[in-house]
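# Summary of the model geometry
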There are 2 protein chains.
Amino acid sequence: MARNLSQHLHCCAINTATLGFQTPIDQTVECVASAGFGLIAPWRQEVEGNNVKAIGKHIRDAGLKLSGYCRSTYIPANDTLTFRNNIEANKCALMDAAILGAPCFIMVVGGLFPGSKNMNASRQQVKEACAELADYGDKLGVKIALEPLHPMYAAERSCLTLLSEALDWCDEINSPNIGVAIDCYHIWWDPNLKRDIARAGNRILAFHVCDWLVPTGDVLNDRGMMGDGIIDLPSIRDLVEATGYNEAVEVEIFSKANWWKRDIKETLNVCRDRLFTTV
Amino acid sequence: MARNLSQHLHCCAINTATLGFQTPIDQTVECVASAGFGLIAPWRQEVEGNNVKAIGKHIRDAGLKLSGYCRSTYIPANDTLTFRNNIEANKCALMDAAILGAPCFIMVVGGLFPGSKNMNASRQQVKEACAELADYGDKLGVKIALEPLHPMYAAERSCLTLLSEALDWCDEINSPNIGVAIDCYHIWWDPNLKRDIARAGNRILAFHVCDWLVPTGDVLNDRGMMGDGIIDLPSIRDLVEATGYNEAVEVEIFSKANWWKRDIKETLNVCRDRLFTTV
């Protein structure tokens, strides 16, 4: 039996990408808190180059926690120096995640490196990097959340596509500090969903919701508000919560033509209502 | 060791969708034969309502064989009558496939039915229908080729996405008259490709090639010519031919903005050359 989210607003999270980065992070924090959410997941573009400690304090002072910190620099590279630089960039981000107080760092791992058609080469690089980042994050108290992306992003964004593969990598890396981020948009279609979510068990570090629109106008930035598409969100949440997961349900909607154009207070209100009624 | 296609032109096939249906089937047949290909895969829209027997004869007289016949009416429906009608439409198409002399009928099975968010309900319907169609095709000498489609088509076109799932369905249906169509565009990203192609073994009924363009402008009709994208086609063909597959390598490119606008003789020449050099 999944939680009644209207009685668990402290578990409802907003990923700031949902609001289209229309306002500076401080203003976004205030709006998210005012709308009653309990958690926020900021992006590096809102944080880096600013006073990270002050942003973390502001989030806490507003009564919010972090559900995660988005997201990794892509790992795969066709030379060692770039590969190392990518890892180091992620270590810097992990430090910021720790300062902010984020429990996990979302890994969108990257696809093929320039000129390559070799997915396995990318996968090997990512696994090597994630093992190192899991150790590094462990010292900082920040977990590594491997996010499998929808296969339509395999070439350019993520050589990691299936939840089962993310769990295989967790097994291989074998660190208590690595787990998975489950985003319904990426995995709703998977015929092995029930099996793989059960297998994920206590390795689920983040749970993201939005909806798949029919038709989808743009593969990157035409995600739907929960309830406006065809994903059976309650069934997926049931599977996730059946593992014992009782952390955040995070709304993450990339919607250039629709939600990003709306007033962020309106978007937040709709997100909250839809979490109660359709997720 | 994969075949040298330049010495196996009789195994090189053109799916007529590659040519954008610019010419009537008779003219298309002549062009495909003149370009040296050994096989052709026509679509129902070119055949139905015409003299099917005469088209079959023309194909044979031109020295061509069929590599397959495209494609099924979607199966899933929200009422029994529509479901039955969908099966019957496919039976009619199977008869045409037999008259044409096609060894297999390509099943693009359909996604969610109207109003549904239940992928498993669609999958159950498709399996039931395919069992019946496999029996029906057996009497006609036409095999049923289940084609897993890329997960970006799951909602609208195919609840069948993974090759492993297609093979599970074959196991379940357990008919000698059902197998799979492997299209590189749909499965290139799958981390279990090596395992699943080996498992497919002699159930591979069709092998389709094209390329995944980076970026992809349109999810439906922006497929690339072999060599213009990021799919490691030779590696996939190696895996397929390692199973003992020695049937057609079929070019199927949906390319509204590029190849469909070109002269079909030019497209055919490029297809042939790329089969020799990049597949």
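Calculation rules
- Residues numbered from 1 in each chain as written.
- Chains lettered and ligands numbered in written order.
- Predicted model: local features only at pLDDT ≥ 70, side-chain atom pairs only at ≥ 80, totals over all residues.
- Heavy atoms only, no water.
- Phe/Tyr/Trp six-rings, centres within 6.5 Å; stacked < 30°, edge-to-face > 60°.
- Helix = DSSP H or I, 4+ residues; strand = E, 2+ residues; numbered from the N terminus.
- Lys NZ or Arg CZ within 6 Å of the ring centre and 35° of its normal.
- Buried < 20%, exposed > 50% of the residue type's maximum accessible area, 1.4 Å probe, protein only.
- Contact = heavy atoms within 4.5 Å.
- Buried area = accessible area lost by both parts, 1.4 Å probe.
- Salt bridge = Lys/Arg side-chain N within 4 Å of Asp/Glu carboxyl O.
- Polar contact = N/O pair within 3.5 Å; in protein donor to acceptor, adjacent residues only side chain to side chain.
- Least-squares fit on C-alpha atoms with pLDDT ≥ 70 in both.
- Axes fitted to C-alpha atoms, helices over the stretch in contact; angles between N-to-C directions.
- Parallel < 35°, antiparallel > 145°, perpendicular 65-115°, else oblique.
- Left-handed = near helix turned anticlockwise from the far one by under 90°.
- Nonpolar A, V, L, I, M, F, W, Y, C, P; charged D, E, K, R; others polar.
- Pairing = 2+ DSSP bridges.

With that out of the way, let us pick up the packing of aromatic side chains. Following the criterion strictly, the structure yields 15 aromatic pairs over all chains and no others. Note on A:Trp189 and B:Trp189: the rings are 6.2 Å apart at their centroids and 90° apart in plane angle, and the pair reads as edge-to-face. Here the residue A:Trp189 occupies a position in the loop between α7 (184–187) and α8 (193–200), and B:Trp189 occupies one in the loop between α7 (184–187) and α8 (193–200), the pair thus bridging two chains. Ring geometry for B:Trp188 versus B:Trp212: centroids 5.8 Å apart, planes at 50°, classification tilted. Of this pair, B:Trp188 sits in the loop between α7 and α8 while B:Trp212 is found in the loop between β7 (204–209) and α9 (233–242), placing the two residues 24 residues apart along the sequence. Members of the aromatic cluster, each reached through a chain of ring pairs, are A:Phe21, A:Trp43, A:Phe254 and A:Trp260. Lying over the aromatic face of B:Trp259, B:Arg262 brings its terminal NZ or CZ to 3.8 Å of the ring centre.

Residues and elements named next belong to chain A. For Glu-147, the location among the structural elements is in the loop between β5 (143–146) and α6 (163–173). Residue class for Glu-147 comes out buried when judged on its relative accessible area of 4%. In this structure, the C-alpha to C-alpha distance between Glu-147 and Arg-71, residues 76 residues apart in sequence, is 9.9 Å. Not counting residues up to four positions away in its chain, the partners in contact with Glu-147 are Ile-106, Met-107, Val-108, Ser-158, Leu-160, Ala-181, Asp-183, His-186, His-208 and Glu-252.

Contacts between the two partners involve 28 residues from chain A and, on the opposite side, 28 residues from chain B. In total, chain A and chain B occlude about 2,200 Å² of area from one another, counting both sides; carbon and sulfur atoms represent 67% of this. The three residues of chain A that bury the most area against chain B are A:Lys117, A:Trp189 and A:Pro191, which together make up 25% of that side's buried surface. On inspection of chain A and its partner chain B, the count reaches zero salt bridges. Taken together, the links from chain A to chain B amount to six residue pairs in polar contact (both at pLDDT 80 or more).

Let us look at the pattern of salt bridges. Under the counting rule described, the total for this entry stands at 36 salt bridges over all chains. Measuring nitrogen to oxygen at the nearest pair gives 3.1 Å for the salt bridge that ties A:Arg84 to A:Glu88. With A:Arg84 and A:Glu88 both in helix α4 (residues 80–100), this residue pair falls four residues apart, about one helical turn. The residue B:Arg123 makes a salt bridge to B:Glu165 at a minimum N-O spacing of 3.2 Å. Separated by 42 residues along the polypeptide, B:Arg123 in helix α5 (residues 119–140) and B:Glu165 in helix α6 (residues 163–173) bring together distant segments of the chain. The exposure class assigned to B:Glu165 is buried, which follows from its relative accessible area of 7%. Each of A:Arg84, A:Glu88, A:Lys91 and A:Glu132 takes part in a single network of salt bridges with overlapping partners.

Mapping chain A onto chain B leaves a residual RMSD of 0.0 Å; the transformation is a rotation of 180° accompanied by 0.0 Å of translation along its axis. The relationship between the two copies is best expressed as a two-fold rotation axis. Both copies share a contact surface, since 96% of the interface residues of chain A are interface residues in chain B too.

Residue and element names in this part refer to chain A. Here α4 crosses helix α5 (residues 119–140) at 30°, and the two axes come no closer than 10 Å. Judged on the interaxial angle alone, α5 and α4 are roughly parallel. The element α4 and its partner α5 pack so that their crossing is right-handed. In this structure, α4 contributes Phe-83, Arg-84, Ile-87, Glu-88, Asn-90, Lys-91, Leu-94, Met-95 and Ala-98 to the contact, and α5 contributes Gln-125, Glu-128, Ala-129, Glu-132, Leu-133, Tyr-136, Gly-137 and Leu-140. Taken together, the residues of the contact of α4 with α5 sort by class into nine nonpolar, three polar and five charged.

Turning our eyes to something else, we now look at the sheet that holds strand β4 (residues 104–107) of chain A. All names here are of chain A. Spatial strand order, β3-β2-β1-β8-β7-β6-β5-β4: eight strands in an open sheet with parallel pairing. In this open sheet, the two strands that pair with only one neighbour each are β3 (65–66) and β4. With four bridges connecting them, strand β6 (residues 178–183) and strand β7 (residues 204–209) associate as parallel partners. Each residue of the ladder has a partner; that of Ile-182, found in β7, is Phe-207.

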